[in-house]
Amino acid sequence: PDSSVKQVIIYEIVLGIALLVFGVYHGLMQVLYRAGVIKDMSFASIEYYQGLTLHGVINAIVFTTLFIVAFGNAVFWYHLKKPLRPAVQWTSFILMFVGTLMAAWAMFTGRANVLYTFYPPLLAHWTFYLGAALFLVGSIVPLLDWIPNYLAWKRENPDKKVPLAVFGVLVNHIMWVIMLVPVVIEVLFQLLPLSLGLVSEINPSLARTLFWAFGHPVVYFWLLPAYVMLYTVLPKIVTGDGKLYSDSAARLAFILFLIFSFPVGLHHQFTEPGVTNNYKLIHAFFTFGVAIPSMLTAFTVAASLEYSIKSKYPELKDSLFYWWTKIPYISLEGDKWLVSYFMAGLFLFFVGGITGIINASYNMNLVVHNTSFVPGHFHTTVGGLVTLSFLGMSLYLVSKLTGKEIRFKGLAVLAPWLWWQGMLIFEYAMSVAGLHGFPRRTNTGISYLNPDSPLYRPEWVGYAELSVFAGILIVLGFVFFAISFFGTLLSPKVREETLELPSAEAYHDEKVPALNKILPWAVFSSLLFLISYIPPLYDVTKRGVFFDSPGYNDKNPMPVTKPQGSAEQNKKVSQE
Ligand code: HAS
Ligand code: HEM
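**Quick notes on the site of ligand 2**
Stage number 1. Taken together, 24 residues surround ligand 2, and among them Gly 27, Gln 30, Gly 56, Arg 440 and Gly 471 come closest.
Stage number 2. For the shell around ligand 2, the secondary-structure elements that each account for two or more residues are α1 (3–35), α2 (48–80), α14 (373–379), α15 (381–402) and α17 (461–490).
Stage number 3. For the shell around ligand 2, the element with the most residues is α1, which contributes six residues.
Stage number 4. For the shell around ligand 2, the per-class residue count stands at 12 nonpolar, nine polar and three charged.

Below, the structure is given as structure tokens:
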């Protein structure tokens, strides 16, 4: 591989993991605050909401996106065997890096305590929004390499299907470009002008609607790279020469995501007063639609595991369930350590899928919305399968790209299982407490769980304490991983630097032309997206596009009247 491009991929991975150290630290702080182990508004000079913002932004936005770009580069490079251009890759990395620095400055100095959903009227310093915009632009720049390479490969191989991993990665990045449109409109035309003091009011309902038009599709942007690994990497490494059960099922799943990921955002706004209920119900039905490709994936992955294991152990050919025991859940042989990350992730995602469908069921949502049930759900999806497969693949790629042997492999193999156990307990504690009304995004240690407070709710205490125990297990898992990851990175080089990705052949490998195309599906999907959003956008803009509410920050009940960057405002923030 070209050493400069290889360097960029390593930087993208290492920057993400290094930031995740902060992200995970703030996760631990969250459970400590909420259980009242820390009974304060701040700890170590970081406030409660500042820490929660850092946790959500770093883990769910920055770490994930950096990895997805790095993985996409690796997939395109390895499977199409076409060079990536250093100028394109460095531009992408530098934009993402500068964007991260700008947003980090705003968050670390307390000028952006707006959480990762940055709902107005809460207002952040303009560097937060501009940083986010640069970061997002940087993340789409690699398409300047991927699209020409994809088209050239298709021209050179007119009779072949494009490799499945490339297909999945490209579908995912095209989804990314489509979903960025609403959030870029929100940032450029609402949040930045308000933050810079160019306008004095904006419409928060419109902002929330634009945000969720991006905010749910984005969860599939995080998920699809994990699915690419489940379809191409996991079946291969589970036995060393295993197969994917059906190539067409995998492609169909990717296309279904391309279609159904967009008309669903209103399921985050079932309680939004300004939107007509019928449209919410339509989005609820589409949400059930977007669960189908995941069910298809559950089936195809299980069938691939079964097929591969039974090919290796023919004596098990009649077994219904016993073959599950032959999966190398904990193995140090060859690349099998990576299986642990995927299996632990899959077990968590099974729970994440069930809780997701509960969230999506309109009337059930009214019970769980804004309770800790919701963080329970997403720590088994983005914090489960997604993070675990990204961590595993990060270690794998760094070891290959730097020519180093994986160090502390025993810790690397135990890490996902500690994470799995911790997240499962965390999910149980958060979800069950959520069903009893335990709120999310609340410093409960100084309010509901404080025996000296008139708000005291003793029935939530046990769950909050259980989530502290769970948080410690997860963090321990992360420490095991980090020792292996940084140990590998800092160890001496022992072999040639290579770029290799395990890649399973398919058992059923029919050619279905409709499933080898992307453009017509992308056009259809964009139209469906637009149609599904015209009525709700009409609803939320009925009372004006630009005017409704001034901005506020979390420190003061008075509206923000001075631009966030002004000397006067800066003085106020530093005094507070
Ligand atoms: Fe979600 C809220 C509905 C999937 C992430 N979700 C969130 C939030 C995040 C998030 C971050 O409808 C919070 C946003 C905020 O801060 O307010 N979600 C769904 C549905 C799905 C779903 C229907 N979510 C995800 C994924 C995420 C993610 C994926 C990240 C990667 N979610 C919601 C709703 C809300 C929500 C509402 C709003 C709640 C509210 O009121 O605020 C579906 O896509 C899920 C489909 C999944 C399946 C599971 C298939 C199972 C597999 C594993 C098989 C295992 C095997 C191993 C083979 C149908 C693939 C064997 C294992 C055994 C145990 C036998
Ligand atoms: C929020 C714990 C890892 C994504 C939270 C909350 C807790 C928590 C207690 C606050 C819930 C609330 O009050 O609403 C932890 C622990 C982790 C961890 C102990 C272990 C290291 C992760 C990972 C991700 C993640 C790996 C994603 C990659 C999020 C997000 C939020 C959140 C997006 C929502 C922030 C918000 O409401 O603004 N986490 N978490 N967490 N976590 Fe984690």
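**A few points about the packing of α1 against α17**
Describing two packed helices takes the angle between their axes plus the distance from one axis to the other.
Stage number 1. Contact geometry of α1 with α17 gives a least axis separation of 9 Å together with a crossing angle of 165°. As summarised for this structure, α1 and α17 are arranged roughly antiparallel, according to the angle between their axes. Here the hand of the crossing between α1 and α17 comes out left-handed. On the side of α1, the interface is formed by Val 14, Ile 17, Val 21, Val 24, Gly 27, Leu 28, Val 31, Leu 32, Arg 34 and Ala 35, while α17 contributes Ala 464, Glu 465, Ser 467, Val 468, Gly 471, Val 475, Phe 478, Ala 482, Phe 485 and Leu 489.
Stage number 2. Residue classes in the contact of α1 with α17 are distributed as 15 nonpolar, three polar and two charged.

**Concerning the environment of Glu 500**
Stage number 1. Assignment of secondary structure puts Glu 500 in the loop between α17 and β4 (506–508).
Stage number 2. Expressed as a C-alpha distance, the spacing of Glu 500 and Leu 320, which sit 180 residues apart in the sequence, is 34 Å.
Stage number 3. Excluding residues that lie within four positions of it along the chain, Glu 500 makes contacts with Tyr 78 and Lys 400.

**Description of the packing of helix α8 (residues 217–232) against helix α10 (residues 247–260)**
Stage number 1. At a minimum axis separation of 11 Å, α8 and α10 run at an interaxial angle of 175°. In terms of orientation, α8 lies roughly antiparallel with respect to α10. Between α8 and α10, the residues in contact are Tyr 220, Leu 224, Tyr 227 and Tyr 231 and Ala 250, Ala 253, Phe 254 and Phe 257, respectively.
Stage number 2. Taken together, the residues that form the contact of α8 with α10 break down as eight nonpolar, no polar and no charged.

**Quick notes on helix α12 (residues 337–360)**
Stage number 1. Over its 24 residues, α12 extends 35 Å from the first C-alpha to the last, a length consistent with the 34 Å expected when each residue adds 1.5 Å.
Stage number 2. With 18 of 24 residues buried, α12 lies mostly within the body of the structure.

**Looking at the environment of Gly 434**
Stage number 1. Within the secondary structure layout, Gly 434 lies in helix α16 (residues 409–435).
Stage number 2. Note on Gly 434: 25 C-beta atoms within 10 Å, which makes it buried.
Stage number 3. If we ignore the near neighbours within four places in the chain, the residues touching Gly 434 are Val 368, Thr 371, Ser 372, Phe 373 and Gly 376.

**Re the site of ligand 1**
Stage number 1. Residues in close proximity to ligand 1 total 32 residues, the closest being Gly 353, Gly 356, Asn 359, Ala 360 and Thr 381.
Stage number 2. Elements with a minimum of two residues in the shell around ligand 1: α8, α11 (277–312), α12, α14 and α15.

**Examining helix α7 (residues 204–215)**
Stage number 1. With 12 residues, α7 should reach 16 Å at 1.5 Å per residue; the first-to-last C-alpha distance of 15 Å fits that figure.
Stage number 2. Burial within α7 is extensive, with 10 of its 12 residues counted as buried.
Stage number 3. Elements that come into contact with the buried residues of α7 comprise α6 (164–195), α8 and α18 (519–541).

Procedures and definitions
- Residues numbered from 1 in each chain as written.
- Chains lettered and ligands numbered in written order.
- Predicted model: local features only at pLDDT ≥ 70, side-chain atom pairs only at ≥ 80, totals over all residues.
- Near = placed C-beta within 6 Å.
- Helix = DSSP H or I, 4+ residues; strand = E, 2+ residues; numbered from the N terminus.
- Nonpolar A, V, L, I, M, F, W, Y, C, P; charged D, E, K, R; others polar.
- Axes fitted to C-alpha atoms, helices over the stretch in contact; angles between N-to-C directions.
- Parallel < 35°, antiparallel > 145°, perpendicular 65-115°, else oblique.
- Left-handed = near helix turned anticlockwise from the far one by under 90°.
- Contact = placed C-beta atoms within 7 Å.
- Expected span 1.5 Å × (residues − 1).
- Buried ≥ 20, exposed ≤ 12 C-beta atoms within 10 Å, placed from the backbone.

Nothing here speaks to function; it is all geometry.
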